[in-house]
Amino acid sequence: AMIRTFIKIAFRNLGKHPFIAFINLFGLTVGLTCCLLITIYIVNELSYDKYHSKADRIYRITREFRTPDGNVALHLGTISPPFAPLLRNDFPQIEKLTRLLPLDNPVVMRYGEKMFAETEVYFADEFVPEVFDLQMIKGDAKQALSNPFHIMLSEAMAEKYFGNEDPMNKEIRFDNQQNAKVAGVYKAFPANSHIHPSIMISFNTLKDSAIYGEENLRTNWGNNSFLNYILLPQNFKPEQLLKLFPAFVDKYMSREYTMRGFKPSQLTSLHLQKLTDIHLRSHLDYEAEENGDINRVYIF
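Throughout this description, residue numbers start from 1 for each chain and increase along the sequence as written. Totals for whole chains, interfaces and linings use every residue, but because this is a predicted model, local features are given only for residues with pLDDT of at least 70 and side-chain atom pairs only at 80 or more, for both listing and counting. Working from all heavy atoms in the structure, the side-chain values ignore hydrogens and water.

### A few points about the overall build of the chain
Secondary structure elements follow DSSP: runs of H or I of four or more residues count as helices, runs of E of two or more count as strands, with numbering from the N terminus. When helices and strands are counted, the chain shows 12 helices and 13 strands. With C-alpha atoms as the basis for the radius of gyration, the globule rule is written as 2.2 Å multiplied by the number of residues raised to the power 0.38. On C-alpha atoms alone, the chain measures out to a radius of gyration of 26 Å, which is more than a quarter above the 19 Å that the 2.2 N^0.38 rule sets for 300 residues. Summarising its shape, the C-alpha atoms of the chain cover approximately 85 × 55 × 35 Å along the three principal directions. For every residue, the accessible area obtained with a 1.4 Å probe (protein chains only) is divided by the maximum for its type, and the residue is called buried under 20%, exposed over 50%, and partly exposed between those limits. Counting the 300 residues in the chain, one finds 42% classified as buried. When the accessible surface of the chain is split by element, carbon and sulfur atoms take 55% of a total near 16400 Å². Just so you know, the count uses Lys and Arg for positive and Asp and Glu for negative, and it drops His and the chain ends. To locate a charge, take NZ of a lysine, CZ of an arginine, CG of an aspartate or CD of a glutamate. Measuring between centres, the 33 positive side-chain charges of the chain sit 7 Å from its 34 negative side-chain charges. Where accessible areas are quoted, they stem from the Shrake-Rupley method and a 1.4 Å probe; at the residue level, only the protein chains shown are allowed to cover.

Quick look at the structure:
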């Protein structure tokens, strides 16, 4: 009876003061809508890269450059290609290491009469599915990314080029120079990922001298364009690995840094960055994609 009375009084007041009631209800509706939208935004921003089952153990290797007086001149989210095999060899603490090379300029891809300039093309090695959660629709990712001149497409990209046809073992010409065989189709990386490769070309394709060259992969310390991610063991503290990096840099880069009185590790260093920190807390000099900002999340 009390509740019925309250409802009657409320409706009578609404009838007596319709304009004020409209303002109050409109304000309440707008306020709740804004709160819900802000909540959705915050939850989405905080969810980046957490969908990977091993996200808490994945780190990106970054590289910092310093001037002789110790000031940071550059800090990249990428490193040069010779590092990866040396890191695998020298650090048994690293369970897996995978590397990708995002192509900055649009790549012309052609199948028959269809030709597109693609912007989300990556060279990727066979260890990608052992570090990241990669859902395959067709083919075996490890085998596909092991063989040179093999290519994997996202589901949307496969439909774009082949429609309802089976894309497996068909050839796409890339960069108007080389043919690559389609060896796999995978589900696209979700929106809350810091990278979105829609086409992955096997990393071993880079060994072809016309594309990059095997010697370049071993010796080119100056091309810092390669994304490197490592998987560490359970409960392993990354600080233990970081302590070993200066000696590692000095061991292999003495020829690159011949400045008298300086060790290589005084002028360049490697760092580890948590995968789940990249989107909101990484604003380095080179990122695969534009990141968010943790301060914006705090403000909202």
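Okay, back to it.
### As for the environment of N291
Looking at the element boundaries, N291 is found in the loop between α11 (278–281) and α12 (294–299). Sequence separation between N291 and I278 is 13 residues, and the spatial gap between their C-alpha atoms is 7.5 Å. By definition in these notes, contact holds between two residues if any of their heavy atoms fall within 4.5 Å. Ignoring anything within four residues of it in the chain, the contact list for N291 reads I278, H279 and S282. Polar side-chain contacts of N291 include one of 2.9 Å to the backbone oxygen of S282. Contacts described as polar in this section are N or O atom pairs within 3.5 Å, which, within protein, must combine one atom able to donate a hydrogen with one able to accept it, while residues neighboring in sequence count only if both atoms come from side chains.

### Comments concerning the nonpolar core
Throughout this description, the term nonpolar core refers to a set of buried Ala, Val, Leu, Ile, Met, Phe, Trp, Tyr and Cys residues connected via side-chain atoms within 4.5 Å. In this structure, L87, I230 and L241 are the most contacted members of the largest nonpolar core, which totals 25 residues. The set of elements that each furnish at least two residues to this core consists of β1 (58–66), α3 (83–90), α9 (245–252) and β13 (268–274). Here the element with the most residues in this core is α3; it accounts for four residues. With sequence-adjacent residues up to four places away left out, L87 is seen in contact with I61, I94, L97, F245 and F248.

### Section: the state of the cysteines
Two cysteine sulfur atoms make up a disulfide if the distance between them is within 2.5 Å. Per the counting criterion, the structure on display carries zero disulfides. Just so you know, C34 is unpaired, no disulfide at all, and the nearest cysteine sulfur is the one on C35, 7.1 Å from it. According to the relative accessible area criterion, C34 is partly exposed, its value standing at 39%.

### Considerations on the pairing of strand β12 (residues 227–231)
The side chains of a regular strand alternate, first on one face of the sheet and then on the other. Counting buried residues along β12, five of its five residues qualify, which places the element largely inside the surrounding structure. Going residue by residue along β12, you find L227, Y229 and L231 tucked away on one face and N228 and I230 tucked away on the opposite face as well. Strands are treated as partners if at least two bridges between them are detected by DSSP. Where strand β3 (residues 96–102) meets β12, five bridges bridge the pair, whose relative direction is antiparallel. Paired with L100 across the two strands is L227, which belongs to β12.

### Points about the pairing of strand β9 (residues 171–174)
Only one face of β9 is buried, namely the one carrying I172 and F174, since none of E171 and R173 on the opposite face is buried. Taken together, the two bridges between strand β4 (residues 107–111) and β9 define a ladder with antiparallel strand orientation. Looking across to β9, one finds that M109 is bridged to F174. Direction of pairing for β9 relative to strand β10 (residues 178–186): antiparallel, over a ladder of four bridges. Paired with E171 across the strands is K181, a residue of β10. Linkage of β9 to β10, two consecutive antiparallel strands, is achieved through a turn of three residues, within which D175 is found at a positive phi near 60°.

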